[in-house]
Amino acid sequence: QVHLVESGGGLVQAGGSLRLSCTASGPFFTINLMAMGWYRQALGKQRELVASVSRGGGTNYGDSVKGRSTISRDNAKHTLLLQMSSLKPEDTAVYYCRSDTNGQTYWGQGTQVTVSS
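Note that the structure is a prediction, hence the values are computed from the model and not measured.

Visitor: I'd like to hear about the layout of surface pockets, residue by residue, with values.
Guide: Reported here for the largest pocket is a volume of approximately 220 Å³. What lines the largest pocket is a set of 13 residues, and nearest its centre among them are P27, F28, M34, T101 and N102. When grouped by side-chain class, the residues that make up the lining of the largest pocket number seven nonpolar, five polar and one charged.

Visitor: Summarise the pattern of salt bridges; cite the residues concerned and give the values.
Guide: Using the criterion set out here, one finds five salt bridges in the structure. Notably, a salt bridge pairs D100 with R98, separated by 2.8 Å at the nearest N-O pair. Classification of D100 by relative accessible area gives partly exposed; the value is 24%. The network of salt bridges with shared partners includes R40, E48, R68 and D91.

Visitor: I'd like a rundown of the sheet that holds strand β8 (residues 79-84), residues and numbers included.
Guide: Strand pairing within a sheet occurs via backbone hydrogen bonds; the two strands may be parallel or antiparallel. The sheet built from four strands is open, its strands ordered β1-β3-β8-β7 with antiparallel pairing. Since the sheet does not close on itself, it has two edges, and those belong to β1 (3-7) and β7 (69-74), each with one partner. Adjacent strand axes in the sheet meet at a mean angle of 15°, parallel and antiparallel pairs treated alike.

Calculation criteria
- Residues numbered from 1 in each chain as written.
- Predicted model: local features only at pLDDT ≥ 70, side-chain atom pairs only at ≥ 80, totals over all residues.
- Heavy atoms only, no water.
- 1 Å grid on protein atoms, 1.4 Å probe; cavity = no way out; pocket = protein on both sides within 12 Å on 5 of 7 lines; lining within 4 Å.
- Points joined across faces, edges and corners; volume = space filled by probe spheres on them.
- Nonpolar A, V, L, I, M, F, W, Y, C, P; charged D, E, K, R; others polar.
- Salt bridge = Lys/Arg side-chain N within 4 Å of Asp/Glu carboxyl O.
- Buried < 20%, exposed > 50% of the residue type's maximum accessible area, 1.4 Å probe, protein only.
- Pairing = 2+ DSSP bridges.
- Helix = DSSP H or I, 4+ residues; strand = E, 2+ residues; numbered from the N terminus.
- Axes fitted to C-alpha atoms, helices over the stretch in contact; angles between N-to-C directions.

Structure below.
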């Protein structure tokens, strides 16, 4: 069982930036053996990919955040990071952390990000 806890959400003005963190705990040695990612779900919409990083370190970004976001891992702290800039009101959503390991998918509880215009 992998436990994921997100933090770093909050209220941000349009054009601003923020950094989300996802700290993993559980019976694993290092998070770089997991595929991990950030997803978001706006009110009334489906959950969508924001950014992901594979076990091999390859990254993938959703079209809506390309060029404005960077996903990274701090393996020593078992933490997945998401740096976002030039935030827009349409970035408002609950942001979820996800990990895939040993055939299992785990989700965090989510952190709310609200971007005011």
